[in-house]
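# Coordinates in review
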Amino acid sequence: MKLATYRDGSRDGQLVVVSRDLQSAHYATGIAGRLQQVLDDWNFLAPQLQDLYETLNNGKARHAFPFDAAQCMAPLPRAYQWADGSAYINHVELVRAARNSEVPKSFYEDPLMYQGGSDDFLGPQEDARFLDEAWGIDFEAEIAVVTGDVPMGATPDQALDGVRLVMIANDWSLRNLIPNELAKGFGFFQSKPATAFSPVAITPDELGDTWSGGRLAGVLQSSWNGRRVGMCEAGPDMTFHFGQLIAHICKTRNVRAGSIVGSGTVSNKGVTGANGQTEWPKGYSCIAEKRAIETIQDGKPSTEFMRFGDTIRIEMKGKDGQSIFGAIEQRVVGPN
């Protein structure tokens with residue numbers, strides 16, 4: 001099934017069930033008012049929402065209305081936890097290569113992960129507001145999952161069973177703030193502002209064979225100022241699947257229902273072109289990766305970070321050409 005959260009003036013919004021084709025929706029009133037309620041009592045409430053979903057798809061829901069992504073908050077407007085990994089090691093390899101730095105062996109054995117702010121997510125069409133262009137504004141197209149309860153010590157297979165919903169995300173980064181933060185030895189903080197999520201979150205069964213082994217085998221499209229810059233395959237080059245990412249968190253703690261776990265920037269390996277040089281025909285899912293490629297090829301980056309007024313659209317389409325999660329469409333705006 002597909003779920004979304006409509007704005008209603010409250011912090012947590014109103015839960016709606018959305019049709020498979022993203023054309024119609026129905027309030028979940030009478031079953032659950034908020035998505036967190038469903039996650040807290042999944043086995044009881046999810047089947048009821050599934051029944052409503054089937055009724056909606058069959059055109060028999062009495063109070064259905066046209067779905068409008070512009071009315072959506074993030075599916076889970078605030079969460080108990082937002083932990084973002086770097087599951088695509090190719091992205092790390094490129095960034096390190098641009099700095100003439102090797103990737104430590106441990107990076108291939110143990111996932112990288114940071115804990116971001118989870119009290120203030122952005123809706124899929126909400127402006128991304130920043131105080132200074134000089135901070136190095138960058139989008140990051142990612143996959144994310146929402147979990148149920150997963151106990152401490154869970155194996156990757158056990159952790160994968162805890163995945164309740166799948167989304168796409170734009171994990172904004174402020175690249176020029178990162179070096180000073182990392183130099184302190186304590187990780188990201190100010191350089192990671194509020195993350196945006198797709199209009200709808202989807203149960204894994206709805207994705208069919210596109211969801212397999214904790215990976216989403218779809219093309220994540222990124223269009224910057226209307227120009228498509230990324231057509232990255234989300235499945236093949238994902239070094240650590242979501243079960244492994246969640247199990248990484250569970251090594252020392254429980255993961256509770258309503259936790260969101262991100263994949264990190266979706267990234268694909270380069271291929272050898274006709275001239276014998278490495279090329280990246282599928283593009284990029286963040287500007288930092290493009291700049292790393294330029295540095296490797298030309299000795300210095302030439303692509304600038306985003307400016308006020310720039311737009312970014314992130315979307316994944318199915319084999320039928322239809323949008324799966326709906327699109328993230330955001331505009332970068334300044335302090336005023």
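Residues numbered from 1 in each chain as written. Predicted model: local features only at pLDDT ≥ 70, side-chain atom pairs only at ≥ 80, totals over all residues. Heavy atoms only, no water.

Of the regular secondary structure elements, the chain holds 7 helices and 22 strands. The C-alpha radius of gyration of the chain comes to 19 Å, within 12% of the 20 Å expected for a compact globule of 336 residues. In the chain, of all internal contacts separated by at least 6 residues, the share reaching a separation of at least 24 is 73%. Side-chain charges of the chain comprise 32 positive and 41 negative groups, with the mean position of each set lying 2 Å from the other. (Helix = DSSP H or I, 4+ residues; strand = E, 2+ residues; numbered from the N terminus. Rg over C-alpha atoms; globule rule 2.2 N^0.38 Å. Contact = heavy atoms within 4.5 Å. Lys, Arg positive; Asp, Glu negative; His and termini not counted. Charge placed at Lys NZ, Arg CZ, Asp CG, Glu CD.)

A separate point is the side chain of Lys-192. Considering the arrangement of structural elements, one finds Lys-192 in the loop between helix H5 (178–183) and strand S12 (196–197). The exposure class assigned to Lys-192 is buried, which follows from its relative accessible area of 12%. A distance of 3.0 Å separates a polar atom in the side chain of Lys-192 from a polar atom in the side chain of Asp-171. Within the structure, Lys-192 has its side chain in polar contact with the side chain of Ser-173 (distance 2.5 Å). If we ignore the near neighbours within four places in the chain, the residues touching Lys-192 are Tyr-114, Glu-140, Asp-171, Trp-172 and Ser-173. (Buried < 20%, exposed > 50% of the residue type's maximum accessible area, 1.4 Å probe, protein only. Polar contact = N/O pair within 3.5 Å; in protein donor to acceptor, adjacent residues only side chain to side chain.)

With that settled, consider the packing of aromatic side chains. Under the counting rule described, the total for this entry stands at 11 aromatic pairs. Ring geometry for Tyr-27 and Phe-65: centres 5.0 Å apart, planes at 40 degrees, overall tilted. Of this pair, Tyr-27 sits in strand S3 (residues 24–27) while Phe-65 sits in strand S4 (residues 65–66), placing them 38 residues apart in sequence. Relative to Phe-197, the ring of Trp-82 lies with its centre 5.5 Å away and its plane at 85 degrees, an arrangement referred to as edge-to-face. A residue pair is termed long-range when its members are at least 10 positions apart, and Trp-82 in strand S5 (residues 81–85) and Phe-197 in strand S12 qualify at 115 residues. Phe-197 gets classed as buried once you look at its relative accessible area, which sits at 0%. Through successive ring pairs, a cluster of aromatic residues spans Tyr-6, Tyr-27, Phe-65 and Phe-67. Sitting over the ring of Phe-188, Lys-192 keeps its end group 5.6 Å from the ring centre. (Phe/Tyr/Trp six-rings, centres within 6.5 Å; stacked < 30°, edge-to-face > 60°. Lys NZ or Arg CZ within 6 Å of the ring centre and 35° of its normal.)

Inspection of every chain in the model, using the stated rule, returns 13 salt bridges. One salt bridge in this structure joins Glu-126 and Arg-7, with 3.3 Å as the shortest N-O distance. Of this pair, Glu-126 sits in the loop between strand S6 (113–116) and strand S7 (128–129) while Arg-7 sits in the loop between strand S1 (2–6) and strand S2 (14–18), placing them 119 residues apart in sequence. In this structure Glu-126 comes out as partly exposed when scored by relative accessible area, which is 29%. Its relative accessible area of 39% is what places Arg-7 among the partly exposed residues. In this structure, Asp-138 and Arg-175 form a salt bridge, with 2.8 Å as the shortest nitrogen-oxygen distance. Taken as a pair, Asp-138 in strand S8 (residues 137–138) and Arg-175 in the loop between strand S11 (173–174) and H5 lie far apart in primary sequence, 37 residues in all. Relative accessible area serves as the criterion here: at 0%, Asp-138 is assigned to the buried category. Overall, Arg-175 belongs to the buried group, its relative accessible area being 15%. (Salt bridge = Lys/Arg side-chain N within 4 Å of Asp/Glu carboxyl O.)

None of the figures reported here should be taken as evidence of function without further support.
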